[in-house]
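Overview (structure and organization)
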Amino acid sequence: MSNSFPAHASPTFPSSHPSSNAPTTSIPAYNLTTPAPLPSIISPAFTPPQTPSNETNTIPLTERDAPSIPVDSSLSATSSPALLAELPTVVCDVRARIPTTSEQELWLHVYRTSIDTKDHLAIVFGSHIRSASLFTPRPGETESDRMIRGAYQGRLFPGRTTSRADSAAAESTPDGTAPEAPTEPETDDADKPPLVRIHSECYTGETIGSSRCDCGEQLDEAQRLMCLPINQSSGGVIVYLRQEGRGIGLSEKLKAYNLQDLGLDTYEANLMLRHPADARSYGVATAILMDLGLGGERGIRLLTNNPDKIRAVEGPRREVVVKERVAMVPIAWQTGGKEGVRGKELDKYLSTKIEKFKHLLG
Ligand SMILES: Nc1nc2c(ncn2[C@@H]2O[C@H](COP(=O)(O)OP(=O)(O)OP(=O)(O)O)[C@@H](O)[C@H]2O)c(=O)[nH]1
């Protein structure tokens, strides 16, 4: 496998740590009601590596699997997030095969939902993970319609006329060669729960290399982990939800950034703008995972540091079961600052996530 994953969040490092210039969290200019400050768990400026990997871990970063922690949210003593009473309806509109620079193909699925007009995405690794709603026949559609919207088995090739694999195998390509056989999943370790990332849209972190957050790095890292040979038999899914800015949208997030430059943290800035600190919901993600056949007791391994997300993704009746949590440790922490996103804004963002959003980084 090649190591050439797209570096959405460019790894630029300051020449020295700005520890003495760390922004203060006091906000005397605003009359804002915030929770009493919690004792700092990490310094906003000096974040120690969570994994002393540069001394003991000889596996190259690009080949490393992430450690996972068993989860049983039914035993959790923490307060549960508010969940929708019913899951929204989701339908996979279309999917297509995407060859990637990592040499592993993925299948991009576009979903429509009953609760909004946005295109939510499922990025699927592994040909055995199938959308039930995509393959359900639609009134009046032809075989050509089914192939164009991606509801076919096996592989498309020039001249193919049927969506069904058995019929397609009997056909030949125009140059006389047989069509490629559908890729079958490997059976080893097939009971291992699929790896899942529920990712919320972040234009700034994913597309223009912002170092205010680690969202781009997390998206790249989720894709890298799902392409690892050790995770290929179980397959993987990144559900990409269009809830930019923790659900407040890009314009409001940019206002929040300006407030952060004025001295607030990411939590306080949302409240100042009269938004919840986190305005997201995860019912769409739960419904998409069920549509992809990932509901039920086999469970999933969820890539997250956010404890609320674990229970929220499981749905109101635990339609999806999170068996393990796989931590997303910032790459800069794993490499002692040699790789990954770095910057004083990111340090403050991560410390606020730990102190106020109770994220478990590590
Ligand atoms: N409102 C607001 N949203 C932000 C800010 N920085 C990043 N985001 C958004 O936060 C979302 C990502 O949430 P995070 O809190 O980083 O992570 P998470 O999804 O809760 O948890 P993980 O699963 O551990 O990554 C994306 O939608 C980003 O656009 C910010 O300063 N303000």
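So, how was this worked out
- Each residue is numbered by its place in its chain's sequence as written, counting from 1.
- Side-chain atom pairs in this predicted model are given and counted only at pLDDT of 80 or more, local residue features only at pLDDT of at least 70, and totals for whole chains, interfaces and linings cover all residues.
- Neither water nor hydrogens contribute to the side-chain values; these are computed over all heavy atoms in the structure.
- Strand pairing follows a simple DSSP-based rule, namely that at least 2 bridges must link the two strands.
- Helix and strand definitions here come from DSSP, where helices need a minimum of 4 consecutive H or I residues and strands a minimum of 2 consecutive E residues; each element is numbered from the N-terminal end.
- Helix axes use the C-alpha atoms of the stretch in contact, all axes being lines fitted to C-alpha atoms, and the angles between their N-to-C directions lie in the range 0 to 180 degrees.
- Exposure is judged per residue with a 1.4 Å probe applied to protein chains only, and the accessible area is read against the type maximum: over 50% gives exposed, under 20% gives buried, and values in between give partly exposed.
- Here, residues are in contact when the closest pair of their heavy atoms is within 4.5 Å.
- Here a polar contact means two N or O atoms within 3.5 Å. Within protein one must be a hydrogen donor candidate and the other an acceptor candidate, and residues neighboring in sequence count only if both atoms are side-chain atoms.
- In this description, a nonpolar core means a group of buried Ala, Val, Leu, Ile, Met, Phe, Trp, Tyr and Cys residues linked to one another through side-chain atoms lying within 4.5 Å.
- Scored between 0 and 100, pLDDT is the confidence that the predictor attaches to each residue.
- Residues counted as positive are Lys and Arg, residues counted as negative are Asp and Glu, and His and the chain ends are not counted.
- Salt bridges are counted wherever a side-chain nitrogen of Lys or Arg sits within 4 Å of a carboxyl oxygen of Asp or Glu.
- Residues are labelled near a given molecule or strand when at least one of their non-hydrogen atoms is within 4 Å of it.
- Think of a 1 Å grid over the protein atoms and nothing else: a 1.4 Å probe that fits but is trapped marks a cavity, an open set flanked by protein within 12 Å on at least five of seven lines marks a pocket, and residues with an atom within 4 Å of a point count as lining.
- Grid points define the cavity or pocket, and a molecule sits in it when more than half of its atoms lie within 2 Å of them.
- UniProt positions are given in the numbering used here, feature names are shortened, and annotations may be inferred rather than shown by experiment.

The eight strands are arranged E1-E8-E7-E5-E6-E4-E3-E2 in an open sheet whose pairing can be described as mixed. Every other strand in the sheet has two partners, leaving strand E1 (68–70) and strand E2 (90–98) as the edge strands with one partner each. Taken over all neighbouring pairs, the strand axes of this sheet differ in orientation by 30 degrees on average, direction set aside. By the bridge criterion, five bridges tie strand E3 (residues 106–113) to strand E4 (residues 120–125) in an arrangement that is antiparallel. Within E4, the position partnered with leucine 108 by the bridge is isoleucine 123.

The next point concerns helix H11 (residues 307–314). For H11, the tally of buried residues reaches six of eight residues, placing the bulk of the element in the interior. Those residues of H11 not exposed but buried are Lys309, Ile310, Arg311, Ala312, Val313 and Glu314. Where the residues of H11 are buried, they touch strand E5 (195–200), helix H10 (283–291), strand E7 (296–303) and strand E8 (320–326). The N-cap of H11, judged by a side-chain oxygen 3.0 Å from the amide nitrogen of aspartate 308 a few residues on, is asparagine 306.

Here the focus is the nonpolar core. In globular proteins that are soluble, nonpolar side chains generally tend to be buried together. One finds Ile198, Val237, Leu289, Leu292 and Ile300 to be the most contacted residues of the largest nonpolar core, which totals 32 residues. One finds Leu195, Ile238, Tyr240 and Val326 within the second-largest nonpolar core, a separate group that totals 18 residues.

The next subject is the confidence of the model for the chain. Here the chain averages 81 in pLDDT, while 73% of its residues score no lower than 70. Contacts for the low-pLDDT stretch residues 1–55, under 50 throughout, to residues beyond four places or in other chains number 101 contacts. Both scores are available for the predicted complex, with the pTM at 0.80 and the ipTM at 0.98.

Now for the side chain of arginine 197. Tracing the backbone through its elements, the reader meets arginine 197 in strand E5. One buried charged residue, arginine 197, remains without a salt bridge, the closest side chain of opposite sign being aspartate 214 at 7.1 Å. In this structure the side chain of arginine 197 is engaged in a polar contact, spanning 3.2 Å, whose partner is the side chain of histidine 199. When sequence neighbours within four positions are dropped, the list of residues in contact with arginine 197 reads Gln218, Ala222, Met226, Val237, Ile238, Val239, Leu303, Thr304, Lys309 and Met328.

With that settled, consider unusual backbone geometry. At arginine 246, a position not held by glycine, the phi torsion is positive, near 50 degrees. Counting through the fold element by element, arginine 246 comes out in the loop between strand E6 (236–241) and helix H8 (250–261).

On to the site of the ligand, then. Neighbouring residues of the ligand: 24 residues in total, closest Arg280, Thr304, Asn305, Lys309 and Tyr349. Asparagine 270 is positioned with one of its side-chain polar atoms (N or O) 2.9 Å from a nitrogen atom of the ligand. Interatomic distance of 2.8 Å between a backbone N/O atom of asparagine 305 and an oxygen atom of the ligand. For the ligand, the cavity whose grid points lie within 2 Å of the majority of its atoms is the largest cavity. The biggest single contributor to the shell around the ligand is H8, with three residues.

With that settled, the discussion passes to the pattern of salt bridges. It is possible for side chains of opposite charge to pair when their charged atoms get near one another. Summed over the entire model, instances satisfying the criterion amount to 22 salt bridges. Across the pair glutamate 244 and lysine 253 runs a salt bridge, and its minimum N-O distance is 2.7 Å. Residue classification places glutamate 244 among the buried positions, given a relative accessible area of 8%. In this structure, glutamate 252 and lysine 255 form a salt bridge, with 2.6 Å as the shortest nitrogen-oxygen distance. Of this pair, glutamate 252 and lysine 255 both sit in helix H8, three residues apart, which is roughly one turn of the helix. The class for glutamate 252 is buried, based on a relative accessible area of 17%. Several salt bridges converge on common partners, so that one network encompasses Glu86, Arg317 and Glu319.

Summarizing the sequence annotation, UniProt attributes the feature "domain: GTP cyclohydrolase II" (unreviewed entry) to residues 191–321 in the numbering used throughout. What you have in residues 191–321 is 44% helix and 17% strand, and the ends, taken at the C-alpha atoms, are 14 Å apart.

Burial of H10 is extensive: eight of the nine residues sit out of reach of the surface. When we look at burial in H10, the residues that qualify are Gly283, Val284, Ala285, Thr286, Ala287, Ile288, Leu289 and Asp291. Just past H10, the residue glycine 293 takes up positive phi, approximately 80 degrees.

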